[in-house]
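Summary of structural features
Residue strings, one per chain:
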Amino acid sequence: MINPVYTAAEDRYESGMKYRRCGKSGISIPEISLGLWQNFGDTAPLARSRDMLLHAFDKGVCHFDLANNYGPSYGSAESTFGQIMKSDLRPYRDELFISTKAGWDMWPGPYGDLGSRKYLMSSLDQSLKRMGLEYVDIFYSHRFDPNTPLQETMQALVDIVRSGKALYAGISNYPHEAAEFAYKYLAERDVPCLLHQVKYNMMHRIPETTGLLEQAKDAGSGFIAYSPLAQGILTDRYLNGIPSDSRAARDYSLKASTITPELVEKLNKLNALAAKRGQTLAQMALSWTLKDDLVTSVIIGASSVAQIDDNLAAINNTKFTAEELNIIDSLTK
Ligand code: NDP
C-alpha cells in the first residue's frame, strides 16, 4: 500500500510544547524528546513507528534520539528512521534535531566498540547511510572508555564536527572526572559539549548524588535525561502485574524479576500521589525530572501514540510542593 503523503500539523509549535536551551548554546530542544532505542527496530511494525514519529513531530517534538545499535536488530532503528525521513520527513530536515551515537558494541572485532577514533568515525559514516542523512545534529560518544586515551575520543568528536558530519558534539554516561576532562577539551577547541546524556529518574538519582547535573550547568552544557520512566516502571504499566506486551515481559533490558511486590506497592502509592496532582504516574515522573532548569529535556521511549500523548501532557504541571517531594523521596530514594 502506498502511504498517504504526510503534511506536518500547522500548529506544531503552538500546541503546547516548550523548548529549553542546551547550556550556553544557540540550540533549544523540546522538553520532551523521543528516543528510538526500542520499539523502532525491524521487529516493530513500520506503520506504528511511522505513526509515533510523525505524531510526535506534529506535537512539536523535533528532537529524535538514536544510536548506531538501536533496534533490535542493531542498526535497524536508524534504518527505520531513514525510511521515514525519505517518505515523510525530508521536507522538514531543517526543523529536526537528530542525534546518533557510538560507544557500545556494534560490530565484531576490535574496531566496533568503545572509544577509538576508528570506531567513532566509521560508525558515524554507517549511521548517516542508514538514516539517509548528510549530517546529524549531534554526535555522542556513547560511553567513557577507560582504555582509550580520552584525548583520542574527544579529538574524534572535534574532527567529526569540523568535517560537517555532525553540527554539535555530546557525551553520554561519562563519570564526573571524565566529563570534566571532556568539557574542557572540547571547549578549548571551540567545539563545546552541547549535551551530557545520562539516565535520570525518580528512582535513579546518580546524576544528583555525583554532581553530574550541576557539573553540566557549570560547564555551560545541557543535560538530557534518558529512561525518565525507568523503562516503563514509573507508569501505570506494572501496577497490577506484568502485561504480556510490556518491556518487562520481554525480560531483556528490563528484567521481569525487577517487578517485585514491594516495588508494585510503592508504585501504587506514587500513582495515588500522581492522581492527587491530576496526573498519571508517567506524567508525574516526567514532571519531576523537569522540575528545575538543571535538565534540558527528557528522552522518552514509547510503544504507542497514546503513550506519547500521555507523556506530552506532563509539561503542563512541573511544580511540586515540598510535601509532594518528600513523599516521592520516601518512596524512591
Ligand atoms: P522510558 O523510561 O521513557 O521508558 C519507555 C517505556 O515506558 C516504553 O517503551 C513503554 O513501555 C513505557 N511507557 C512510556 N510511556 C508510557 C505511558 N505514558 N504509559 C505507560 N507506559 C509508558 O525510556 P527508555 O528506557 O525507552 O529510554 C528512552 C530513550 O533514551 C531511548 O529511546 C534512547 O533514545 C535513550 N537512551 C539512551 C541511553 C544511553 O546510554 N545514552 C540508554 C537508554 C536509553 P512498553 O514498551 O512496555 O509499552
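No experiment lies behind these values; they were computed from the predicted model shown.

Before going further, it helps to examine the overall build of the protein chain. When helices and strands are counted, the protein chain shows twelve helices and ten strands. Its C-alpha atoms give the protein chain a radius of gyration of 19 Å, within 12% of the compact-globule value 20 Å for 333 residues. When the backbone C-alpha atoms are referred to their principal axes, the protein chain occupies close to 50 × 50 × 40 Å. Within the protein chain, residue pairs in contact and separated by at least 24 positions form 76% of the contacts whose partners lie at least 6 positions apart.

Time to look at the nonpolar core. Of all hydrophobic cores here, the largest spans 92 residues; its most connected members are F81, F139, L157, A166, A169 and A285. Per element, the largest residue contribution to this core is six residues, and it comes from helix α10 (residues 281-289).

Read around the closed barrel, eight strands run β3-β4-β5-β6-β7-β8-β9-β10, paired in parallel fashion. Within the sheet, the average angular offset between the axes of one strand and its neighbour, ignoring direction, is 30°. Here helix α4 (residues 150-163) sits on the sheet and contacts β6 (136-141) and β7 (166-172); the angle it forms with β7, its principal contact strand, is near 160°. Strand contacts of helix α5 (residues 176-188): β7 and β8 (193-199), with the helix running at about 165° to β8, the strand carrying the most contacts.

Moving on to helix α9 (residues 261-276). Helical periodicity: at 3.6 residues per turn, an α-helix aligns residues three or four positions apart in one direction. An ideal rise of 1.5 Å per residue puts 22 Å on 16 residues; α9 measures up with 23 Å between its terminal C-alpha atoms. When we look at burial in α9, the residues that qualify are L267, L270 and A274. On an axial view of α9, the arc spanned by its buried residues comes to 60°, and they lie on one face. Facing away from the buried surface of α9 by more than 90 degrees, the exposed residues are P261, E262, E265, A272, A275 and K276. Residues of α9 that are buried in the fold lie against α10 and α12 (322-332). Two residues or fewer past α9, G278 is found with a positive phi of approximately 75°.

Residues of strand β3 (residues 32-35) alternate between two faces, with I32 and L34 on one and S33 and G35 on the opposite face, all of them buried. Note that β3 and strand β10 (residues 297-300) share three bridges and pair parallel. Within β10, the residue paired with I32 across the bridge is V298. Bridging between β3 and strand β4 (residues 63-65) involves two bridges; their strand directions are parallel. Counterpart to G35 in the pairing with β4 is D65. Assessed by its sense of winding, the connection that carries the chain from β3 through helix α1 (residues 46-58) to β4 is right-handed.

Let us now look at the site of the ligand. Around the ligand, a shell composed of 31 residues is seen, among which G35, W37, L229, G232 and G301 lie nearest. Those elements that provide at least two residues to the shell around the ligand are β10 and α11 (305-312). It is α11 that provides the largest number of residues to the shell around the ligand, a total of three residues. Grouping the amino acids of the shell around the ligand by side-chain chemistry returns ten nonpolar, 16 polar and five charged.

Cut-off values and rules
Residues numbered from 1 in each chain as written. Predicted model: local features only at pLDDT ≥ 70, side-chain atom pairs only at ≥ 80, totals over all residues. Helix = DSSP H or I, 4+ residues; strand = E, 2+ residues; numbered from the N terminus. Rg over C-alpha atoms; globule rule 2.2 N^0.38 Å. Contact = placed C-beta atoms within 7 Å. Core = buried A, V, L, I, M, F, W, Y, C linked by C-beta atoms within 7 Å. Buried ≥ 20, exposed ≤ 12 C-beta atoms within 10 Å, placed from the backbone. Pairing = 2+ DSSP bridges. Axes fitted to C-alpha atoms, helices over the stretch in contact; angles between N-to-C directions. Expected span 1.5 Å × (residues − 1). Arc of directions from axis to C-beta. Right-handed = clockwise from strand over helix to strand, strands pointing away. Near = placed C-beta within 6 Å. Nonpolar A, V, L, I, M, F, W, Y, C, P; charged D, E, K, R; others polar.

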